[in-house]
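# Working through the structure, step by step
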Amino acid sequence: MRKNARFFFAASLAGLALRLLFLLRYPGVVDDSRLYADIATNWLQHGVYGITDSGQVAPTFSRLPGYPAFLAAVFAIFGSSNFRAVLLIQVLFDLGTCFLIADLSRRLLSGRAAKAAFVIAALCPFLANYAAAALTETLEIFFTTLALDLAVCGLTGLRSENHSSAGRSSAMWLACGLSIGACILLRPDGGILFAAIGGYWFLLFLRSIFSRHAEGPGSAPRVLPLLRVGVILALGALSPLVPWTLRNLHTMHRFQPLAPRYANDSDELVMAGFNRWTKTWIADYTSVQEIYWRVPGDTIDITRLPRRAFDSAHQQQETAQVFADYNQDHDVTPEIDARFAALAADRIKAAPLRYYVWLPLTRIADMWLRPRTELLPSDPRWWEFNDDPAWLTVSIVFGLLNLAYVAAAAAGLVRSRATFGIGLFVLFLLLRSLFLGTLENPEPRYTLECYPVVILMAAAFLIGKSHRDDSKPA
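Residues numbered from 1 in each chain as written. Predicted model: local features only at pLDDT ≥ 70, side-chain atom pairs only at ≥ 80, totals over all residues. Heavy atoms only, no water.

## So, the overall build of the protein chain
Helix and strand counts for the protein chain come out as 19 helices and 2 strands. Radius of gyration (C-alpha) of the protein chain: 24 Å, near the 23 Å computed for a compact globule of 474 residues. For the protein chain, the spread of C-alpha atoms along the principal axes amounts to about 75 × 55 × 55 Å. Counted over contacts in the protein chain with a minimum sequence separation of 6, partners at least 24 positions apart contribute 75%. Of the roughly 21,500 Å² of accessible surface on the protein chain, 63% is carried by carbon and sulfur atoms. (Helix = DSSP H or I, 4+ residues; strand = E, 2+ residues; numbered from the N terminus. Rg over C-alpha atoms; globule rule 2.2 N^0.38 Å. Contact = heavy atoms within 4.5 Å. Areas by Shrake-Rupley, 256 points an atom, 1.4 Å probe, with all protein chains shown as cover.)

Now the structure itself:
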């Protein structure tokens, strides 16, 4: 940065302007934002980590404490429910992510790649859009990038570790673990990052054991340094969960180290049958908006279901009847949920590959490739071309831009396959994508945590081979 101060200053101003544009024109304060704010306010004013229910504050474990703690800190300084302050601080975090991506690119590729990555990140409308939304994404992406950057520093130190640098290496891995812990406290799926970094460490650990046996006891051992790294990483990642787990044991009388799978409290019915039935046909974000989010509480229209939701005319009639019964009270009773479960069982039995393979792959593709306009007024059914011309243009441009990011990243990944540490990023992308395929709600925002890696690989593609400082993989 010292050598290119003007460049980074100008790019930062451009990135700041883009984020302020989204903040001023399209601030995202949604139902989840208000729920997080309610928890934060009750925590501040009543000392209870809970939600307001019929005027009473009831303890909850439906959401992890990371984002409510952030909101509580902002509200304590700038005033209760001051979402404008929250979004402005998130803009600064997002710009910090841009610098972390640049540092990651510098370490893995070159200074030229760092500049390219910084510009791509600063001008990325998808990151900027979520910086203006009171949701967990911006902080989650920041700590994900920080953890990956620290992991690369730690891996570099392992290759040339000596007694003088052992303390610094341990500090790097501890900071990496704590960053992972922050990700987990923000959202349960932050654990995927721990699985990726921990999985890569385990592969290196196995390789070091086999190499030592193959080369004989006289070879330079790396087993003990790697073992120390594993312990430090695990302690850093998991220790932040201890207070939360103890709180849930004491207050909720339940062992709950993470939030529940469906973000429910202990007295809430989990619609297992409905969720399982949904996964037998859902493949795109549009159905999430039109069907999944509307249950329970709103009327659902069977005409919004795609043809793949029915295997026969008889099954369509059964589904229509379940919908009609639900629409009477807009509530999923145990009886209605059991009927959805029966429909799901029939459909899974009829086409197991569709349920376990093809639909998960389709959901993954949808989350990666669709236009990322879910926070904007664009019509989610953009392919019908009946939206307002301006917003239809935005959808098309965002879709093409997202395709360009993904295509450039794929090309950069192929070009950089021999780059030091690349296996860590491939493992992270793979594990996160596979996990997302298991969800009933394929929301494009769930792939944004992968965008630091996407931008890194896109920068590798743009700079070309002649400007890379390759190293052998660890």
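## Concerning a nonpolar patch on the surface
Side chains of Leu369, Trp383, Phe385, Ile396, Leu400 and Leu403 sit close together on the surface and give an oily, nonpolar patch of about 550 Å² of accessible area. Ranked by residue count, the leading element in the nonpolar patch is helix H17 (residues 389-415), at 3 residues. In this fold, Leu369 is placed in helix H16 (residues 352-369). Since its relative accessible area comes to 38%, Leu369 is described here as partly exposed. (Patch = residues over 30% accessible without salt bridge, like charges linked within 9 Å, V, L, I, M, F, W, Y side chains within 5 Å. Salt bridge = Lys/Arg side-chain N within 4 Å of Asp/Glu carboxyl O. Buried < 20%, exposed > 50% of the residue type's maximum accessible area, 1.4 Å probe, protein only.)

## Thoughts on helix H14 (residues 313-329)
With 17 residues, H14 ought to run about 24 Å at 1.5 Å a step, and its terminal C-alpha atoms sit 26 Å apart, in line with that. Here H14 has its buried residues at Gln315, Thr319, Val322, Phe323 and Tyr326. End-on, the buried residues of H14 take up no more than an arc of 100 degrees, which puts them together on one face. Among the exposed residues of H14, those pointing more than 90 degrees away from its buried face are Ala313, His314, Gln317 and Gln328. Elements in contact with the buried residues of H14: helix H12 (272-278) and helix H15 (334-350). (Expected span 1.5 Å × (residues − 1). Arc of directions from axis to C-beta.)

## Details of the pattern of salt bridges
One pass over the structure, following the stated rule, counts 23 salt bridges. Put simply, Asp103 and Arg106 hold a salt bridge, and the shortest N to O gap is 2.8 Å. Highlighted residues: Asp103 and Arg106, both in helix H4 (residues 83-108), separated by 3 residues, approximately one helical turn. Residue classification places Arg106 among the partly exposed residues on the basis of a relative accessible area of 42%. Between Arg187 and Glu137 there is a salt bridge, with the nearest N and O atoms lying 2.5 Å from each other. Remark: Glu137 occurs in helix H7 (residues 137-159) and Arg187 occurs in the loop between helix H8 (166-186) and helix H9 (191-215); sequence separation between them is 50 residues. Accessibility classification places Arg187 together with Glu137 in one group, the buried group. Salt bridges linked by common partners bring Glu137, Arg187, Asp189, Arg432, Glu443, Arg445 and Glu449 together as one network.

## Quick word on the environment of Asp346
Mapping Asp346 onto the fold places it in helix H15. A sequence separation of 69 residues divides Asp346 from Trp277, and the C-alpha atoms of the two residues are 9.6 Å apart.

## Some details on the packing of H4 against helix H19 (residues 451-463)
The geometry of H4 relative to H19 is characterised by a closest axis approach of 10 Å and an angle of 45 degrees between their N-to-C directions. The angle between H4 and H19 falls in the class oblique. The way H4 lies across H19 gives a crossing that is right-handed. Judged by residue contacts, Ile101, Leu104, Ser105 and Leu108 of H4 engage Pro452, Ile455 and Leu456 from H19. (Axes fitted to C-alpha atoms, helices over the stretch in contact; angles between N-to-C directions. Parallel < 35°, antiparallel > 145°, perpendicular 65-115°, else oblique. Left-handed = near helix turned anticlockwise from the far one by under 90°.)

## Observations regarding H19
Relative to the 18 Å expected for 13 residues at 1.5 Å per residue, H19 spans 18 Å between its end C-alpha atoms, a close match to the ideal helical length. Of all 13 residues making up H19, 11 are buried, and the element is well covered by its neighbours. Burial in H19 covers these residues: Tyr451, Pro452, Val453, Val454, Ile455, Leu456, Met457, Ala458, Ala459, Ala460 and Ile463. Just beyond H19, the residue with positive phi is Gly464, at close to 80 degrees.

## Overview of the side chain of Arg187
The buried category is assigned to Arg187, whose relative accessible area is 9%. Each residue touching Arg187, except ones within four places of it in the same chain, is listed here: Leu64, Thr136, Glu137, Glu140, Arg432, Arg445, Tyr446 and Glu449.

## Brief notes about the confidence of the model for the protein chain
Confidence in the prediction of the protein chain, expressed as mean pLDDT, is 92, and 94% of residues score 70 or more. Here residues 470-474 is a poorly scored stretch, pLDDT under 50, and it has 18 contacts once near neighbours within four places are set aside; other chains count. (pLDDT = per-residue confidence, 0-100.)

## Focus: the pairing of strand S2 (residues 56-59)
Examined bridge by bridge, strand S1 (residues 50-53) and S2 share 4 bridges and lie antiparallel to one another. Across the sheet, Ile51 pairs through a bridge with Ala58, a residue of S2. In this structure, the hairpin formed by S1 and S2 is closed by a connection of 2 residues, where Ser54 is found at a positive phi of approximately 55 degrees. (Pairing = 2+ DSSP bridges.)

## Considering the packing of aromatic side chains
Applying the stated rule across the entire model yields 29 aromatic pairs. Considering the side-chain rings of Tyr49 and Trp244, the 5.3 Å spacing of their centres and the 75 degrees angle between planes classify their relative orientation as edge-to-face. On the criterion of sequence distance, the pair formed by Tyr49 in the loop between helix H2 (31-46) and S1 and Trp244 in helix H11 (residues 241-252) is long-range, its members being 195 residues apart. Both residues of the pair, Tyr49 and Trp244, belong to the buried class. Each ring, one from Trp277 and one from Phe323, has its centre 5.8 Å from the other, and the planes form 75 degrees; the classification is edge-to-face. In this pair, Trp277 sits in helix H12 while Phe323 sits in helix H14, placing the two residues 46 residues apart along the sequence. An aromatic cluster of three or more residues is present, and its members are Tyr36, Tyr67, Phe70, Phe93, Phe142 and Phe143. The ring of Tyr262 has Arg261 sitting right over it, with the charged end atom 4.6 Å from the ring centre. (Phe/Tyr/Trp six-rings, centres within 6.5 Å; stacked < 30°, edge-to-face > 60°. Lys NZ or Arg CZ within 6 Å of the ring centre and 35° of its normal.)

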